[in-house]
Structure formats: C-alpha cells, structure tokens
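Analysis of the macromolecular model
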Protein chains: 2
Amino acid sequence: MASESKKVAVIGTGVIGNGWITRFLANGFDVVAFDPAEGAAERTRDTVERAWESVKALGLKEGASKDRLTFVSTLEEAVQDADLIQENVPERVELKQSVLRDIDISSKSDAVIGSSTSGIKPTVLQETLENPEKIVVAHPFNPVYILPLVEIVGGESTSQETVEKAYKIYESAQMKPMIIDKEIEGFIADRLMEALWREALHLVNDGIATTEEVDKAITYGAGLRWAQMGPFMTFHLAGGDQGMRHMLEQFGPALKLPWTKLEAPELTDELKERVINGCESFADDRSVAELECKRNEFLVKLIDLVEDYWP
Amino acid sequence: MASESKKVAVIGTGVIGNGWITRFLANGFDVVAFDPAEGAAERTRDTVERAWESVKALGLKEGASKDRLTFVSTLEEAVQDADLIQENVPERVELKQSVLRDIDISSKSDAVIGSSTSGIKPTVLQETLENPEKIVVAHPFNPVYILPLVEIVGGESTSQETVEKAYKIYESAQMKPMIIDKEIEGFIADRLMEALWREALHLVNDGIATTEEVDKAITYGAGLRWAQMGPFMTFHLAGGDQGMRHMLEQFGPALKLPWTKLEAPELTDELKERVINGCESFADDRSVAELECKRNEFLVKLIDLVEDYWP
C-alpha cells in the first residue's frame, strides 16, 4: 500500500491524538486535524516539533513532512476526504458515540473509522451509527509515535473488510497491529497493564511500598525482560530445559497462595496444556537453551543501554 | 568493600543457584557450592560456562574467575567459612526451614544467610533457627547473573546489622538491592508480576487470547516502557503537563470498570495524594516534558536494539 496516497483525519488532539498525528506524518501521510479547544492547533504543532527528532531517529518514510498537516475548523471538513479517521475524544461513551456519529455521516462510505478508546467495546461505540460496519477500535500505546502496538477490535457490526483495511493502514504506518477477535472491556494489553497497575495501587495503599519502590521493582527486574519477552515466554525460560511444563509443576501451586489481590484461575489440565502448547509452538524447534542465549545477548545490550536512563 | 575478601556459599544449584554462582564468580568472589543431586557439579560448570560470555560482556570485576568455584560434598563444608550463604532449595516451607537450620548451625556467627525464596516470609523461615538474626530473604530475578534487582526482606528476628551487611554484599556484586520493610507473601516485585501473570492466565483460560498474543501485547507495547520506567512514572508521563494528577482524574474512574479480574482499591483522596506526591517527588524538579524527552531518547534506542530480538 502506497501510504502517500492515503489521507488521515485525526479528531481530538490530546496526548494520544497528537501522537497519532506525529506517527502518520512521519510515515508520509497527509493529515487533517480537528479539535475545538482553544489553541489546539498551536499545541499540536509544538508537540509534533518536539517529537520529530524521535521519529526521525526511527526513520522517516519517503515524503514524510511536518508540512503535510492541516488543522481545520470543523469536523466535517476534516473527515470528508479521509481514508482513515482516528477518533481520540475523552473516554465517555455518550461523547464518543456522538462524535463517531458525526464522523460516520460526513466521511466517505469506504473510509475506516478507528477509535483510540482504551476500554469501550466497539459494539457499544457503533450502536448508534448509520454505517456501523466502518468502525473498529484501534487502541494505541503512548507514545504513539514510538510504540508499535495497536489493538484492532471489531464490533458485532464491523465488516471483515474494515478490519483488513485497518490492519493494512496501521501496518503501513510501521505499527505491529494485533487483531483481537473477542470483545472484552480493556481488550488485552490494558487488562494486563491494569492488573499490574491495580496491584501497584494496593501496595501503595497498604503502605507496603512507595511509588518509587514499585517502579524500581519493575525497572531493575521484570521490566527488563518484558521489552523482549512476554510473561509466558519469560516463564518458559525460567523452567529450565523442560520449559513451561516444569515451570507450571514447580510454581503452579503458588497460584493458590495470597500473592497479589487477584484471584487466580484454577490451573486445570486443559489450561496447563493450552499454556504449554502455546509456549512450545511459539518456541518452534528452538530449545530453551537457544532461547536463553538470544535473551542473554539482548539483555546484556539492553543493560548497557539502559544504564544512562535508570531512575 | 573489597569483594575479593568475601567468600560465598551457594546451597542448591538449580536455575537460580547457578545464576547466583555465575554472578558471584563474575564479581571476584570465591564460591563454594553444594547440591546433593547426581551430576550437579557438572551441570553447574556447564551453566557457568554458557553464561560467562554474558557476564564478560557486562564487565568482570578484578580477580573474577570461573576457577574460583569449588563444589563440595557436604553442606557443612560448604558453609563453614562463608561470609554469605545463599540458599536456593525448592519452595517448600519445611524443606527450607530444615536446610536453613543446618546452614545456621554450621556457619560463622557473623555470616549472613540469604534465602532466594520467591514468596515465603522471612519470619516463617527463621522460626526454627538458633540464630534467627542471621537470615534475610534475598530474592533475585532470572537470569540472576544479568538482572540487577534483589529484594532484601528481614523477618521479625533479623538484626539490622544483617540487613546492612546483606545490602553491601549484594551491592558489591553489582546488584540494585531494595530493602523491603514490611513482610508480605510475594514481597513487591512478584506481587506485581503475579498480578500480570494471573490476568494472562485468565485471558488464555477464557479463550480471549493465545499465549503468543498475550506476549506480543506486552513486548510491542508496555514492555518497552517498563525497561526504563515503572507503572507510576509511565502514567505520570501519560498525564500531559500535569502528570499523575491529571492522569488520576482522567483514568481514575476506569478503576471501577471490569477491566482485569482484579478488584481495584478505592481511589481515596489519601491514596491519590500518596501517588501524586510519590511521582512528583521522584520527578524532582524535572517537568513532564523533560522526562518525556529522556524517555523518547531511550525508547528510540531500545527499538533499534530490540528489532533483532522481537518475537
């Protein structure tokens, strides 16, 4: 897909909206922005300016230019020619529904509407639309112009075509889109993050740790691993030669212990097999030792890098 | 503290025990190891051999040598001259208590005993010891020879002197020791990790995501940030110029939503202030914009690094 032929509209220019604008500009898109707040255009230009060094360092696409941003004074004008409209208004259902209705009515029939909502289900967002098939949730991560993950979630009325078009556009903006088939509040990444966040709040609330200690407990330990490996592969490697199978035998019983305030699911044989097979199939024919080797190589370089940036 | 004058004993040589051995050798300690399992000595030497490239790349201390490892055939012999004894036997209370009793009786009166337990409270571990003041929990993270975090937790009978000595020894092994004053099961880091882990198991159990999708949701998003910043500072930066204060106003209400299976604590004014003050005091007089700048610089370099290592 030639990204230079694509036109993107960004509605709502807070931290996330401006992050999208920067990412799309850096990837050679024309961007039209709208936000009714006083001084919004200026703030956006300042933010893009500040972030430009980062996206330049990541690598600009051909034709990428800060000058390809236009700020307009009505939503209708912003969305009328757009192939993708990214919605980033505050996280209130009625407000989002109303803005999405306006976007739907004023945009092309083959446009894709992506909502940046971090938790509202797409089926709820599309309830009141005339063309509900046009909308997906496309949930990014801050800073949007650097982090590659975007969760794409269709609602009951979203067309398969919309999901596929969305995937292609975000991929052409150098992202790692992940399509989520089952709708749940918070999708996947935020459910995981929120679990950590809620437990962190409990620790601070109970006077066990300060915010600083919680942060250090992450950055000097598990956080380093998570830049390269999620929780499943991390534990696969902690299990020695037998990987996840051994890990679940050894630490499975700890799920019954009062670690964290979160109730664990019952570790049934079915769940065990699903987890073990998941890890083994991801590992493919790479042994734990091989994976360890690669992890170590990465971690050594990461520690070298992160030393200047630690708290 | 001249680490070359320190002698360390490592009891139990699984993944964690061997990790400790490698770290101590790389930092110029003499290490004596004991594990009753058949072939343990050979497995340890193989593991140290494989890991040596990583610790070399991180930087060996003067005098560091793989040859300063001795494997002995009794626990008593291993611990008798040691300044620090690191215990890494399986995670069963009675077993740990019994091994720790043997370690206590056979070791010097001024030795420090560090237990690698990932969840048992030190007060429980020291219950049956003759000299309970000698023991702390010293909980590391895999791979121990690379990740710098070690949680130091004293029990009710642990002396302040032991905690201080432990801190110095682990620090001299290039670690980032964190002293935890209040004992809880799982301490701090594992409570956080476990919350994420349990939520991940729920997602897989409920058929929402595969293990691979969970892992990708971490590595392409939040995991990149966590290598440098914990959850509190991450959200401080997501709040725009006003940092955590704005963040809690905007996303505090989401704590009531059914994101994650974990119940959130009530976001009282007191908790709010504790969180906001924690972030502001950590940020010192650095504005969110300054912190953002540093974060971006780091993330751009990290993405450059991690591209070869992503799933």
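Residues numbered from 1 in each chain as written. Chains lettered and ligands numbered in written order. Predicted model: local features only at pLDDT ≥ 70, side-chain atom pairs only at ≥ 80, totals over all residues. Heavy atoms only, no water.

If you check an unreviewed UniProt entry, chain A appears there as L-carnitine dehydrogenase from Piscibacillus salipiscarius. Its UniProt record gives chain A a comment under Subcellular location (unreviewed entry), which states: "Cytoplasm". Of the comments in the UniProt record for chain A, the one headed Sequence similarities (unreviewed entry) reads "Belongs to the 3-hydroxyacyl-CoA dehydrogenase family. L-carnitine dehydrogenase subfamily." (UniProt positions renumbered as here; feature names shortened; annotations may be inferred.)

1. Overview of a negative patch on the surface
Taken together, the side chains of E53, D304, E307 and D308 of chain A together with E297 of chain B present a region of like negative charge at the surface. You can see E307 of chain A is positioned in the segment after helix 12 (288-306). (Patch = residues over 30% accessible without salt bridge, like charges linked within 9 Å, V, L, I, M, F, W, Y side chains within 5 Å. Areas by Shrake-Rupley, 256 points an atom, 1.4 Å probe, with all protein chains shown as cover. Salt bridge = Lys/Arg side-chain N within 4 Å of Asp/Glu carboxyl O. Lys, Arg positive; Asp, Glu negative; His and termini not counted. Charge placed at Lys NZ, Arg CZ, Asp CG, Glu CD. Helix = DSSP H or I, 4+ residues; strand = E, 2+ residues; numbered from the N terminus.)

2. Considerations on empty space enclosed by the protein
Considering all chains together, one arrives at 4 cavities of 30 Å³ or more under this definition. Approximately 160 Å³ is the volume found for the largest cavity. Breaking the lining of the largest cavity down by element, the ones donating at least two residues are helix 8 (211-226) of chain A together with helix 12 (288-306) of chain B. Sort the elements by how many residues they give to the lining of the largest cavity and helix 12 of chain B lands first, with 3 residues. Its residues assigned to classes, the lining of the largest cavity comprises 7 nonpolar, 3 polar and 4 charged. In this model, the second largest cavity occupies a volume close to 50 Å³. Along the walls of the second largest cavity sit M193, L196 and W197 of chain A together with R225, W226, P231, T234 and F235 of chain B, which together make up its complete lining. When residues of the lining of the second largest cavity are traced back to their parent elements, those giving at least two are helix 7 (189-205) of chain A together with helix 8 (211-226) and helix 9 (231-238) of chain B. (1 Å grid on protein atoms, 1.4 Å probe; cavity = no way out; pocket = protein on both sides within 12 Å on 5 of 7 lines; lining within 4 Å. Points joined across faces, edges and corners; volume = space filled by probe spheres on them. Nonpolar A, V, L, I, M, F, W, Y, C, P; charged D, E, K, R; others polar.)

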